[in-house]
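# Descriptive analysis of the structure
Read off the chains here:
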Amino acid sequence: MSIFEYNGSALVAMVGKNCFAIASDRRLGVQLQTVATDFQRVFKIHDRLYIGLSGLATDAQTMYQKLVFRHKLYQLREERDMKPQTFASLVSALLYEKRFGPFFCQPVIAGLGDNDEPFICTMDCLGAKELAKDFVVSGTASESLYGACESMYKPDMEPEELFETISQALLSSVDRDCLSGWGGYVLLVTPTEVQEKILKGRMD
Amino acid sequence: MLLLVFGLSFLSFFPSLSLSQHFAPTRTKPHHRISVSLNLKQRKQREEKRRMMMKLDTSGLESFSAAVPSAMAAAEDQLFAPPSFDLPAGCADFDKFQMEAKQTLKHAKGTTTLAFIFNQGVIVAADSRASMGGYISSQSVKKIIEINPYMLGTMAGGAADCQFWHRNLGIKCRLHELANKRRISVTGASKLLANILYSYRGMGLSIGTMIAGWDEKGPGLYYVDSEGGRLKGNRFSVGSGSPYAYGVLDNGYRPDMTVEEAHELARRAIYHATFRDGASGGVVSVYHVGPNGWKKLSGDDVSELHYKYYPVQPTPVEHEMVDAPPA
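Residues numbered from 1 in each chain as written. Chains lettered and ligands numbered in written order. Predicted model: local features only at pLDDT ≥ 70, side-chain atom pairs only at ≥ 80, totals over all residues. Heavy atoms only, no water.

The next point concerns the interface of chain B and chain A. With 26 residues of chain B at the contact, the number on the chain A side is 18 residues. Contact between chain B and chain A buries roughly 1,800 Å² in total, counting both sides, with carbon and sulfur atoms accounting for 49%. When residues of chain B are sorted by the area they lose upon contact with chain A, F275(B), R276(B) and Y307(B) head the list and together hold 28% of the total. Counting across the chain B and chain A interface gives 2 salt bridges. In this structure, D204(A) and R129(B) form a salt bridge, with 3.2 Å as the shortest nitrogen-oxygen distance. Joining chain B to chain A, the criterion identifies 14 residue pairs in polar contact (both at pLDDT 80 or more). (Contact = heavy atoms within 4.5 Å. Buried area = accessible area lost by both parts, 1.4 Å probe. Salt bridge = Lys/Arg side-chain N within 4 Å of Asp/Glu carboxyl O. Polar contact = N/O pair within 3.5 Å; in protein donor to acceptor, adjacent residues only side chain to side chain.)

Below you can see the structure in the form of structure tokens.
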């Protein structure tokens, strides 16, 4: 098994009408053994910007700590929060710094930019940005997730419908992956509120 | 070094052959080739090749062939003689090459199966997930194979291997019944399977099975694997989830359980294994083998079992935003 499949993960972010949702599974494993079923993979950078990190869990945590540090410095200097596009460039640069000894994680970035315009993007472990208008996926279950999202996604969904869609896509994809699942976690962000929900999924 | 060891064992088991090697180059036994006077290097190469291509026990694959007339026996020998070919080029260490080739085909035995004997018979339980690396290929695989109405076999390892050889064992057991006018014992059935698997040892079969049944001596349970091992015992669990299942099984086992208690113990053990092991999941099937044969007790979805054993507790809300009451 490759290093990206050591801990197992599943991440997806979807865009709706002036809102976005980012969802992850909750399993932390050591190859086939499940060690935790409440592992956090989606982190908050500021109220309107979230990052999910799939791949090796230790690199995900370290990446998150580095990013929080850089964002706090930015806040001190610029006296405002980072825009999602700027943050994506920051993540990409940080990953490419380690080009010949990379962090084994694949980030999914989701945020609300100017005029409450939702922004999502994903990257590989070396920082190649992939912007998308509809959905982005990452993790060991990524192939199943691509299929599920492709078939379930509709543009301009309202928050409730977006939540339903992303939950169904996540749960049905992780049910085909040995290394991810054991519950789900969905974060739904609109200009006025943030909803966190924990999904009841298959625990095998 | 390897060659020397083999050479010694060869001499000890087949003394007649080694003698005739020095005298007349005639065939004494139909199935073993005898080298005509060769120099040491050629003889070593021949012995190595012969070791690789031992005559397999193909009786399992020839169940439907009619009695062969003796005239055909010589021709048949030519047909079934193992083919000889040159070793692959640039392959200095053929043993290592063969081991590496096998490793690529080796299935990780991603499953959980268990079986145990208690006062009322044998309980056999298994999950139903088939995985290929990280991908779940199926959640509804039948891993408990019904060999005949009073014997069950479990499947762990390569699905094709297990299915084929268990069905083959069923055929052999039925033939035994017809030939001897009595049912085959669990001991006999497991020995039949173990001998077949031993003859294919080193060829990459991947089978870790338990043969459970009830014969004249009472309940019987044997563990048989593709390395050629065969063990008699009271409690076994096989597969990647077996450590987790053993934990629950060993803790709750008592020989004087009722059938209901044993059923619940087996179900719990498999459930816990599916929770912790990524390669096990799906549906828990539990069978009971009693004096009148086997009976399927239950097939429960593992996820439903989880929420039955650990119901969702409503999380206490620390801060809840409520709309202000209308003035």
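Moving on to the packing of aromatic side chains. All names here are of chain B. Under the counting rule described, the total for this entry stands at 12 aromatic pairs over all chains. On the basis of an interplanar angle of 35° and a centroid distance of 6.5 Å, the ring pair of Y271 and F275 is categorised as tilted. Separated by 4 residues within a single helix, Y271 and F275 lie in helix α9 (residues 259-276), roughly one turn from each other. One exposure class covers both Y271 and F275, and it is buried. By way of ring pairs, the aromatic residues Y271, F275, Y309 and Y310 are connected into one cluster. (Phe/Tyr/Trp six-rings, centres within 6.5 Å; stacked < 30°, edge-to-face > 60°. Helix = DSSP H or I, 4+ residues; strand = E, 2+ residues; numbered from the N terminus. Buried < 20%, exposed > 50% of the residue type's maximum accessible area, 1.4 Å probe, protein only.)

Moving on, we come to the pairing of strand β12 (residues 293-301) of chain B. All names here are of chain B. Across 8 bridges, the pairing between strand β11 (residues 283-290) and β12 is antiparallel. Bridge pairing in β12 links S285 to G299. The antiparallel hairpin formed by β11 and β12 contains 2 residues in its connecting segment. (Pairing = 2+ DSSP bridges.)

A few words now on helix α4 (residues 159-174) of chain A. Residues and elements named next belong to chain A. Here α4 is 16 residues long and its end C-alpha atoms lie 22 Å apart, about the 22 Å a rise of 1.5 Å per residue gives. Listed as buried for α4 are P159, L162, F163, T165, I166, S167, A169, L170, L171, S173 and V174. For α4, the secondary structure elements touched by its buried residues are β1 (10-15), β2 (20-25), α3 (142-152), β11 (184-189) and β12 (194-199). (Expected span 1.5 Å × (residues − 1).)

Residue and element names in this part refer to chain A. The sheet built from 5 strands is open, its strands ordered β5-β6-β7-β8-β9 with antiparallel pairing. Each edge of the sheet is formed by a strand with only one pairing partner; in this case those strands are β5 (42-46) and β9 (129-132). Across the sheet, the axes of successive neighbouring strands diverge by a mean angle of 20°, strand direction being ignored. Here strand β7 (residues 105-112) runs beside strand β8 (residues 118-123); their pairing, made up of 5 bridges, is antiparallel. Residue pairing in the sheet places G111 in a bridge with F119 of β8. (Axes fitted to C-alpha atoms, helices over the stretch in contact; angles between N-to-C directions.)

Residue and element names in this part refer to chain B. Those places that UniProt annotates as "active site" (unreviewed entry) correspond, in this numbering, to T111. Secondary-structure assignment places T111 in the loop between α5 (94-105) and β1 (113-118). Ignoring any residue separated from it by four or fewer positions in sequence, one finds T111 in contact with D127, K143, M155, A156, V238, G239, S240, G241, D277, A279 and S280. Side-chain polar atoms of T111 contact the side chain of D127, separated by 2.9 Å. (UniProt positions renumbered as here; feature names shortened; annotations may be inferred.)

The next subject is the side chain of S280(B). Here S280(B) is to be found in the loop between α9 and β11. S280(B) gets classed as buried once you look at its relative accessible area, which sits at 0%. For S280(B), the side chain forms a polar contact with the side chain of D277(B), separated by 2.7 Å. Every residue in contact with S280(B), bar those within four places of it in the chain, is listed here: D204(A), T111(B), T112(B), D127(B), R129(B), S240(B), G241(B), A273(B) and T274(B).

A few words now on unusual backbone geometry. Look at W182(A): it is not a glycine, yet its phi comes out positive at around 55°. In this structure, W182(A) sits in the loop between α4 and β11. The phi angle at K181(B) is positive, at roughly 55°, despite the residue not being glycine. Tracing the chain through its elements places K181(B) in the loop between α6 (159-180) and α7 (186-199). Exposure remark for K181(B): the relative accessible area of 80% places this residue in the exposed category.

The subject of this paragraph is the sheet that holds strand β6 (residues 151-154) of chain B. Residue and element names in this part refer to chain B. A sheet is described by the order of its strands in space; here 5 strands give the open sequence β5-β6-β7-β8-β9, paired in antiparallel fashion. At either margin of the open sheet sits one strand with a lone partner, and together these are β5 (144-148) and β9 (230-232). Strand-to-strand twist in this sheet, taken as the mean axis angle between neighbours without regard to direction, amounts to 20°. Strand direction decides the pairing type here: β5 and β6, joined by 4 bridges, are antiparallel. The partner of E146 across the bridge, within β6, is L152. Set on the sheet, α6 makes contact with β5, β6 and β7 (208-215); between it and β5 the angle comes to about 20°. Strand contacts of α7: β6, β7, β8 (218-225) and β9, with the helix running at about 5° to β8, the strand carrying the most contacts.

Counting residues in hydrophobic clusters, the biggest one holds 39 residues, and the most contacted among them are V12(A), M14(A), I22(A) and L170(A). With 7 residues, α4(A) is the largest single contributor of residues to this core. Non-local contacts of I22(A), meaning those with residues more than four positions away in its chain, are made with V12(A), A13(A), V42(A), Y50(A), I51(A), G52(A), V108(A), A110(A), I166(A), Y185(A), V186(A) and L187(A). Core analysis: the next-biggest nonpolar cluster, separate from the first, contains 26 residues, A125(B), Y253(B), Y271(B) and V286(B) among them. (Core = buried A, V, L, I, M, F, W, Y, C linked by side-chain atoms within 4.5 Å.)

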